[in-house]
Amino acid sequence: MTRNEMKISREGYRVILLLLAISIALATFVHIYTAIPLWLLIVVIGFIYRDPDREIPSIPLAIICPVDGVITSIAEDHDPYMDRQALRISMRMNLLGSYSIRSPIEGKMQQKILFFEGESSAGGMQHNATYASTWIRTDEGDDIVMLLQKEGNWKPLHCYIQSGERVGQGRRCGYYRFGSMVNIFLPTDVRVKCKPGDSLLCGSDIIAILSKAGARSLNSDAIGT
């Protein structure tokens, strides 16, 4: 049985508890009406930091949408992180959606976070923009790379998974409050299951399926070996 619960991301607990403590103090020592604005603010903060459960599809080779957002473009492009030709799926995060980031596939976290300057391309990446990368390798040797555009220090990017740690398909692996563009680089032989304009939910919608014929074992000249 799947539990449909509305959770709060761990980043939101400290803010909510602080506001709750202040509101209780105001209601106790001043007047209950003085706490009403803080209670309303707690509701807003809870909405921003909500982290709803999602029903993860039980399809082993499926690549799960990592964020709530809208597909902006799909094209073959150069993967600047792994220096390869790949299929790039670009998404714009939904400002009214959940800001949780979920693992698109089951595998091993090869690289947790690496910040670097982007380069201009035919699709989603912007010249001189700063990107944070997350690289996951499946047991079959397929490499999935997510590049999240970072815009200033006021939008902190949190990653829950450490390098070398295994991560499950659709598992919560990070949080990016008010995040913007996300680029997902996949092997070129995947079967795409989305199109530009689609509005997708992280953890439950499928963006592509890895090709069984394209699944490959690790070899000695693979990146990171």
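Residues numbered from 1 in each chain as written. Predicted model: local features only at pLDDT ≥ 70, side-chain atom pairs only at ≥ 80, totals over all residues. Heavy atoms only, no water.

Colleague: Where do I start with the sheet that holds strand E17 (residues 206-209) in this structure?
Modeller: Whether parallel or antiparallel, the strands of a sheet pair through hydrogen bonds between backbone atoms. Reading across from one edge, E3-E17-E15 is the order of the three strands in this open sheet, with antiparallel pairing throughout. Edge positions in the sheet fall to strand E3 (62-64) and strand E15 (191-192), since each has one partner strand and no second. (Pairing = 2+ DSSP bridges. Helix = DSSP H or I, 4+ residues; strand = E, 2+ residues; numbered from the N terminus.)

Colleague: For this particular structure, what's the right way to read helix H2 (residues 36-48)?
Modeller: Each full turn of the α-helix corresponds to 3.6 residues, which orients residues three or four apart in the same direction. Taking 1.5 Å per residue as the helical rise, H2 with its 13 residues ought to reach 18 Å, and the 19 Å between its terminal C-alpha atoms agrees with that figure. Turning to H2, its buried residues are Leu38, Ile42, Ile45, Gly46 and Ile48. Seen from one end, H2 has its buried residues packed into an arc of 155°, which puts them on one side. Those residues of H2 that are exposed and aimed more than 90 degrees away from the buried face are Pro37, Leu40 and Val43. (Expected span 1.5 Å × (residues − 1). Buried < 20%, exposed > 50% of the residue type's maximum accessible area, 1.4 Å probe, protein only. Arc of directions from axis to C-beta.)

Colleague: Sorry, what's going on with the packing of aromatic side chains here?
Modeller: One pair of aromatic rings is described through two measures. These are the centre distance and the angle between the planes. In total, this model carries three aromatic pairs according to the counting rule given. Taken together, a centroid distance of 6.4 Å and an interplanar angle of 90° make the contact between tyrosine 99 and tyrosine 175 edge-to-face. One end of the pair, tyrosine 99, is in the loop between strand E5 (84-93) and strand E6 (100-102); the other, tyrosine 175, is in strand E13 (residues 172-176), with 76 residues separating them in the sequence. The same class applies to tyrosine 99 as to tyrosine 175, namely buried. Among the aromatic residues, those joined into a cluster by ring pairs are Tyr49, Tyr99 and Tyr175. The side chain of arginine 50 reaches across the aromatic face of phenylalanine 47, ending 3.9 Å from its centre. (Phe/Tyr/Trp six-rings, centres within 6.5 Å; stacked < 30°, edge-to-face > 60°. Lys NZ or Arg CZ within 6 Å of the ring centre and 35° of its normal.)

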